[in-house]
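# Architecture at a glance
Single-letter residue listing:
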Amino acid sequence: MTFTTRFTRLVGIELPVVQAPMAGASTPELAGAVCEAGGLGSLACGMLGAEAIVAAVAQIRSRTDRPLNLNFLCHREPAADDAVLRRWIERLAPYYAERGLEPPPADAIARRPFDDEACEVVESVRPAVVSFHYGLPAPDLVGRVKDAGSLVLSTATTVAEARHLAENGCDAVIAQGAEAGGHRGMFLTEDVAAQVGTMALLPQVVDAVDIPVVAAGGIGDARGIVAAFALGASAVQLGTAFLRCPETALPLAFRERLDHATDETTVLTNVLTGRPARGLANRVVNELGPLSADVPPFPLAAGPLLPLRAAAEAAGASDFSTHLAGQAAPLGRAVPAADLVRTMMREAAGIARGLGEDEA
Ligand SMILES: Cc1cc2nc3c(=O)[nH]c(=O)nc-3n(C[C@H](O)[C@H](O)[C@H](O)COP(=O)(O)O)c2cc1C
């Protein structure tokens, strides 16, 4: 099995493995380790300010000068609709009452879409790759990113989204199947029920666009990697598989929940942030969702949950925590990220050689 693909040639990396950007979970240490191992490390910038991004990039570059991906969000900033927010806070009122808590200000969680300031950071640090989630920013910003010398990637959850990205300047597209941990990258559709699994989505996207396709969602080990290449992927993007690596920023409770995850542990829910995301179910997800029509738009749903989360976590409970993970969570291994990348790719080569020989 050759590891040289259209994607590795385009980006200039050794192995066709992208460590998924994971806001709140991925760290400079994780990205640096994956870059050093020959894959593409990613820094999730969706919840970071300009200074924090520059500092994180400097930290990674003090260790490696290999290609790096900076990832940004492209949601539309929600209009301030007090009625929707009030309704949400009313839904949460019994939980506040249980603990004698007050709701926080609505903007307590900052998730800013890619804007002029973020673009200036890209122009100053010039990463090899900039990936977006929830579509693309305005065409002039896409142009500025390209002029800075960065390749542009974004996530598609349908064939129509993949075509849109290919026609609007993307150099490669990430096909994100419904198994994926984290937020759905959906941006031309709001139909959560129609979201497609990786096995069905990937070959249809490969057929629809001329640019390299990166497979994401439910790829938990070498078997999934080989399957993705068989379906036409030029690279794989793994998130959940990296979560248990020591380099991630996961709180202990999240790690312990992953230790006990099964194939049935995750659900697609909009209750935690206002956008559909796959994660470990918990009390608030089960009681108000998993999908609720009452949630304010992303990211406003998250703010009012913060004091509840803090109080519950202080008492050792994950009842309100945002523990995002995908359906392949049980396949994850608690080993250093570089070992994980190298081992998975070695195993993938072995599996590819023995395809068609089962143990029966
Ligand atoms: C904890 C977590 C956080 C994530 N945050 C982001 C993010 O900030 N930006 C992004 O583009 N994708 C994010 N994702 C989605 C990943 O890019 C990717 O689509 C997904 O992890 C692939 O599926 P898998 O988890 O089954 O490997 C996140 C995923 C997880 C598990």
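Since this is a predicted model, take the numbers as computed values, not measurements. (Residues numbered from 1 in each chain as written. Predicted model: local features only at pLDDT ≥ 70, side-chain atom pairs only at ≥ 80, totals over all residues. Heavy atoms only, no water.)

### What to know about the sheet that holds strand β5 (residues 151–156)
Stated formally: Pairing between two strands is assigned when DSSP locates at least 2 bridges connecting them. The helix count covers DSSP runs of H or I at least four residues long, the strand count covers runs of E at least two residues long, and both are numbered beginning at the N terminus. Every axis in this analysis is a line fitted to C-alpha atoms, fitted for helices over the stretch in contact. Angles between the N-to-C directions lie between 0 and 180 degrees.
Within the open sheet, the 8 strands sit side by side as β1-β9-β8-β6-β5-β4-β3-β2. Their pairing is parallel. Taken across any chain shown, the strands that pair with only one partner, and hence form the sheet edges, are β1 (17–19) and β2 (41–44). Across the sheet, the mean angle from the axis of one strand to that of its neighbour is 25 degrees, orientation sign disregarded. Looking at chain direction, strand β6 (residues 172–176) and strand β8 (residues 213–216) are connected through 4 bridges and run parallel. Its bridge partner lying in β8, Ala175 is registered against Ala215.

### Brief notes about the packing of helix α5 (residues 116–125) against helix α6 (residues 139–147)
To keep things clear, this is the line we draw: Any angle that is under 35 degrees is reported as roughly parallel, and any over 145 degrees as roughly antiparallel; angles of 65 to 115 degrees are reported as roughly perpendicular and all others as oblique. Less than a right angle of anticlockwise turn of the near helix away from the far helix marks a crossing as left-handed, whereas a clockwise turn marks it as right-handed. Throughout, a contact is declared for two residues whenever any of their heavy atoms are within 4.5 Å. For this classification, Asp, Glu, Lys and Arg are treated as charged, while Ala, Val, Leu, Ile, Met, Phe, Trp, Tyr, Cys and Pro are nonpolar and the rest, including Gly, are polar.
One can describe the packing of α5 onto α6 by two numbers: an axis separation of 9 Å at closest approach and a directional angle of 15 degrees. Here α5 is positioned roughly parallel relative to α6, judged by the angle of their axes. In this structure, α5 crosses over α6, and the sense of that crossing is right-handed. On α6, the residues touching Asp116, Cys119, Glu120, Val122 and Glu123 of α5 are Leu141, Arg144 and Val145. Class assignment of the residues belonging to the contact of α5 with α6 gives a composition of 4 nonpolar, no polar and 4 charged.

### Digging into the site of the ligand
To keep it simple, the criterion reads: Throughout, the term near means that a residue has one or more heavy atoms lying within 4 Å of the molecule or strand in question. Here a polar contact is taken to be a pair of N or O atoms separated by no more than 3.5 Å, where protein atoms must pair a possible hydrogen donor with a possible acceptor and residues adjacent in sequence count only if both atoms sit in side chains. Where accessible areas are quoted, they stem from the Shrake-Rupley method and a 1.4 Å probe; at the residue level, only the protein chains shown are allowed to cover.
Taken together, the neighbourhood of the ligand is formed by 19 residues, with Pro21, Asn71, Gly218, Gly239 and Thr240 sitting nearest. A distance of 3.1 Å separates an oxygen atom of the ligand from a polar atom in the backbone of Ala23. Asn71 is positioned with one of its side-chain polar atoms (N or O) 2.8 Å from a nitrogen atom of the ligand. Contact with the protein chains covers 96% of the free accessible surface of the ligand, which is 590 Å².

### Things to note about the pairing of strand β3 (residues 68–73)
Keep this limit in mind: Buried, partly exposed and exposed residues are distinguished by accessible area as a fraction of the type maximum, computed with a 1.4 Å probe on protein chains only: under 20%, between the cut-offs, and over 50%, respectively.
With respect to burial, β3 is a largely interior element, 6 of its 6 residues being buried. Side-chain alternation along β3 places Leu68, Leu70 and Phe72 on one buried face and Asn69, Asn71 and Leu73 on a second face that is also buried. Inspection of the sheet shows β2 paired to β3 by 4 bridges, in the parallel sense. Bridge assignment links Leu43 to a residue of β3, and that residue is Leu70. Looking at chain direction, β3 and strand β4 (residues 129–133) are connected through 5 bridges and run parallel. Its bridge partner being in β4, Leu73 is matched across the sheet by His133.

### So, helix α10 (residues 252–259)
Counted only if it meets this: What the arc measures is the spread of directions leading from the helix axis to the C-beta atoms.
Among the residues of α10, those classed as buried are Phe254, Arg255 and Leu258. For α10, the buried positions fall inside an angular range of 100 degrees around the axis, keeping them on one side. Residues of α10 that are buried in the fold lie against β11 (277–280).

### With respect to the pattern of salt bridges
Formally: Salt bridge, as used here, is a side-chain nitrogen of Lys or Arg placed within 4 Å of a carboxyl oxygen of Asp or Glu.
Under the criterion given, the structure shown has 15 salt bridges. Glu36 serves as the salt-bridge partner of Arg63, at 3.1 Å between the closest nitrogen and oxygen. One end of the pair, Arg63, is in the loop between α3 (50–61) and β3; the other, Glu36, is in helix α2 (residues 28–36), with 27 residues separating them in the sequence. Since its relative accessible area comes to 38%, Arg63 is described here as partly exposed. Across the pair Arg333 and Glu347 runs a salt bridge, and its minimum N-O distance is 2.9 Å. Here Arg333, found in the loop between α12 (306–314) and α13 (337–353), pairs with Glu347, found in helix α13; they are 14 residues apart in sequence, far enough to count as distant. Owing to a relative accessible area of 31%, Glu347 belongs among the partly exposed residues under this scheme. Through salt bridges with shared partners, a single network forms among Glu98, Arg99, Arg283 and Glu287.

### What about the environment of Pro28?
Tracing the backbone shows Pro28 in helix α2. Classification of Pro28 by relative accessible area gives buried; the value is 16%. In the structure, Pro28 is positioned 219 residues away from Glu247 in sequence and 8.5 Å away in space, judged by C-alpha atoms. Beyond its immediate sequence surroundings of up to four residues, Pro28 is in contact with Leu43, Ala56, Gln59 and Ile60.

### Quick word on α5
If you check which residues of α5 are buried, you get Ala118, Cys119, Val121, Val122 and Val125. Angularly, the buried residues of α5 cover 155 degrees about the axis, an arc narrow enough to put them on a single face. Structurally, α5 contributes buried residues whose contacts are with α3, β3, β4 and α6. Just beyond α5, the residue with positive phi is Arg126, at close to 45 degrees.

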